[in-house]
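Structural features, examined
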Amino acid sequence: MSRSSRLRIYPDHVLREHALPVTNITDELRTLVDEMILLMDAYQGIGLAAPQVGILQRLIVIKDEDEFLTLVNPEIHHREDKYQLEEGCLSLPGIQVNVTREYIIQVEAMDISGNPLEFEAEDLPARIIQHEVDHLDGVLIIDHASTIERHLLKRQLRELTQEQ
């Protein structure tokens, strides 16, 4: 893997940045996707956003069962049926937060070949996409935490900060 494709861990500043739209699908971008999939698998993840590897581009990969889906410039246009579930994040190892997300979403994006995609996702795939799109906007699961959860997470976050 290239040097840039290491997993970024909180409090790395890049995790708080807003990713820019992808303007060109290049071989370099395809290589990045391959590296992201390898990294995601190595950490046994189910989703990864480009900012998590230090690249500020609107690009995510998700794993749904044994298939990988790459979304370039993903946008969520419709959301319905909120529910809460505990989430973790590869960039916040050991941290779990209750996050309210929508059960059904409507997604528009491009695939890695530049073809337009429009589809509905529900349940876990919808949750993963919402989580990864949050990363593109510099939002982390800890930003969804309640006041009590934030207080309980302070020690763990401080430990992550000291490790970096």
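Now for a description of the structure that goes with this document. Residue numbering note: each chain is counted from 1, following its sequence as written. Two thresholds apply to this predicted model, a pLDDT of at least 70 for residue-level local features and 80 or more for giving and counting side-chain atom pairs, whereas whole-chain, interface and lining totals are computed over all residues. By convention in this description, side-chain values take in all heavy atoms of the structure and omit both hydrogens and water.

Brief notes about the overall build of the chain
Segments assigned H or I by DSSP are reported as helices when at least four residues long, segments assigned E as strands when at least two residues long, and all are numbered from the N terminus. Check the secondary structure of the chain and you find three helices and five strands. Secondary structure elements of the chain, listed N to C terminal, follow the sequence α-β-β-β-β-β-α-α. When a residue's accessible area, from a 1.4 Å probe over protein chains only, is under 20% of the maximum for its type it is buried; when over 50% it is exposed; and in between it is partly exposed. Looking at the chain residue by residue over its 164 residues, the buried ones come to 45%. In this description, contact between two residues means that some pair of their heavy atoms is separated by no more than 4.5 Å. Counting contacts in the chain only where the partners sit at least 6 residues apart, residues at least 24 apart contribute 65% of the total. The method behind every accessible area is Shrake-Rupley, applied with a 1.4 Å probe, and residues are considered shielded solely by the protein chains displayed. Per element, the accessible surface of the chain, about 9000 Å² overall, is 47% carbon and sulfur. As used throughout, the charge tally considers Lys and Arg to be positive and Asp and Glu to be negative, leaving His and the chain termini uncounted. Where a charge lies is defined by one atom per residue type, namely NZ (Lys), CZ (Arg), CG (Asp) and CD (Glu). The average position of the 15 basic charges and that of the 30 acidic charges among the side chains of the chain differ by 11 Å.

Some remarks on the packing of aromatic side chains
When two rings of Phe, Tyr or Trp (its six-membered ring) have centres within 6.5 Å they constitute a pair, described as stacked for plane angles under 30 degrees, edge-to-face for angles over 60, and tilted for the intermediate range. For the coordinates displayed, the defined rule picks out one aromatic pair. For the pair Tyr83 and Tyr103, a centre-to-centre distance of 5.5 Å together with 70 degrees between the ring planes defines the contact as edge-to-face. Of this pair, Tyr83 sits in strand β3 (residues 67-87) while Tyr103 sits in strand β4 (residues 97-110); the two residues are 20 residues apart in sequence, bridging distant segments of the chain. Whether a charge lies above a ring is judged from NZ of Lys or CZ of Arg, which has to be within 6 Å of the ring centre and within 35 degrees of the ring normal. The lysine or arginine in question, Arg127, covers the ring of Tyr83, its NZ or CZ lying 4.5 Å from the ring centre.

What to know about the nonpolar core
We define the nonpolar core as a collection of buried residues of types Ala, Val, Leu, Ile, Met, Phe, Trp, Tyr and Cys that are connected through side-chain atoms lying within 4.5 Å of one another. Of all hydrophobic cores here, the largest spans 31 residues; its most connected members are Leu48, Leu92, Ile95 and Ile142. Of all the secondary structure elements, the ones that give two or more residues to this core are α1 (27-42), β2 (59-64), β4 and α3 (147-163). No other element matches α1, which puts seven residues into this core. Ile95 has contacts with Glu87, Gly88, Cys89, Ile141, Ile142, Leu153, Gln156, Leu157 and Leu160, leaving out every residue within four places of it along the chain. Ala19, Ile76, Ile105 and Leu136 belong to the second-largest nonpolar core, a separate cluster that totals 15 residues.

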